[in-house]
Amino acid sequence: MKLKPLPKSWFAGDAVALAPKLLGKIVKRGACVGRIVETEAYTTDAASHGAKVTARSAPMRETYGHWYVYFTYGMHWCANVTTNEGGTGAVLIRAVEPLEGLALMKRRRKTDVVQNLANGPAKFCQAFGITGKDNAAALGGDFAIYDAPELAPEEIGTSSRIGITVGTELPWRFFVKGNEFVSG
DNA sequence: TACTGGATTCACT
DNA sequence: GTGAATCCAGTAA
């Protein structure tokens, strides 16, 4: 697979605009490679860490093209890519289709079911070995996002999670229809 | 210093 | 469909 890293400037725009564009892109960390199939944009809305100026959310405000990894529910890590040069924004990677490094992912996730390896934000982090040590790291090197053909519009739909998990109807949730690795 | 709640997941019924 | 697991950041005092 010929991979070309997305330049930092690619992430300078608004999170809401970049979330759908990230679909189909390739994320690689060490031996693990996957295709992003579900993303979620966070800016300064009430549900976002970016709504308040705190030490934790500093990467959302002060960086773009970096990883923002946070710990939640006492046991899970979630990975975002920071966006919006000069502003506040990040795109949460909610689900990934495993492509390479499946053996390692299966070992980390303690399951042989491929569909369950990375079909959730915390599952993705566990499968790829992402923890707080990756927080605020710049994209690139061993942990980067690579360019890939954009998904066709008919492959992108509105997530069934709307109104179920979060209780809000944010217009920027997406996932890929007709894909066996899709979450929800 | 102590308390509260969370961008989740999974086992169990 | 329901509830437990689990710990850190944020907030109040």
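Residues numbered from 1 in each chain as written. Chains lettered and ligands numbered in written order. Predicted model: local features only at pLDDT ≥ 70, side-chain atom pairs only at ≥ 80, totals over all residues. Heavy atoms only, no water.

**Here we look at helix α4 (residues 121-128)**
Where we set the bar: Burial here depends on accessible area, computed with a 1.4 Å probe over protein chains only, as a share of the maximum for the residue type. Under 20% is buried, over 50% is exposed, and the range in between is partly exposed. Secondary structure elements follow DSSP: runs of H or I no shorter than four residues count as helices, runs of E no shorter than two count as strands, and numbering proceeds from the N terminus.
Most of α4 is tucked away: 6 of the 8 residues are buried. When α4 is considered as a whole, its buried residues turn out to be Pro121, Ala122, Phe124, Cys125, Ala127 and Phe128. Directly after α4, the chain includes Gly129, whose backbone phi takes a positive value near 70°.

**Comments concerning the protein's contact with DNA strand C**
Definition in use: Only heavy atoms are used to decide nearness, and a residue is near a molecule or strand if one of them lies within 4 Å of it. Here a polar contact is recorded for every N or O atom pair within 3.5 Å, except that within protein the pair must consist of a potential hydrogen donor and a potential acceptor, and residues adjacent in sequence are included only if both atoms are side-chain atoms. Three classes are used, and their members are as follows: Ala, Val, Leu, Ile, Met, Phe, Trp, Tyr, Cys and Pro are nonpolar, Asp, Glu, Lys and Arg are charged, and the others, Gly among them, are polar.
Around DNA strand C, the surrounding shell consists of Lys52, Thr54, Ala55, Arg56, Phe71, Tyr73, Gly74 and Met75. A distance of 2.3 Å separates a phosphate oxygen of DNA strand C from a polar side-chain atom of Thr54. One of the backbone N or O atoms of Gly74 is found 3.3 Å from a sugar or linking oxygen in DNA strand C. Of the residues contributing to the surface near DNA strand C, the split by class is 4 nonpolar, 2 polar and 2 charged.

**A word on helix α1 (residues 15-22)**
How we decide: Throughout, the arc means that of the directions going from the helix axis to the C-beta atoms. The contact criterion used throughout is that any non-hydrogen atoms of two residues lie within 4.5 Å.
Restricting attention to buried positions, one finds in α1 the residues Ala15, Leu18, Ala19 and Leu22. The buried residues of α1 all sit within an arc of 115° when viewed along its axis, so they share a single face. Where the residues of α1 are buried, they touch β2 (32-42), β5 (90-100) and β6 (143-146). With a side-chain oxygen lying 2.9 Å from the backbone nitrogen of Val16, the N-terminal cap of α1 falls on Asp14.

**With respect to unusual backbone geometry**
With glycine set apart, most residues show a phi of negative sign, and most peptide bonds adopt trans. Even without a glycine there, the phi angle at Lys110 is positive, about 60°. Along the chain, Lys110 turns up in the loop between α3 (102-109) and α4. Although it is not a glycine, Ala136 sits at a positive phi angle of roughly 70°. Its location among the elements puts Ala136 in the loop between α4 and β6. On the accessibility criterion, Ala136 (39% relative accessible area) is partly exposed.

Nothing here speaks to function; it is all geometry.
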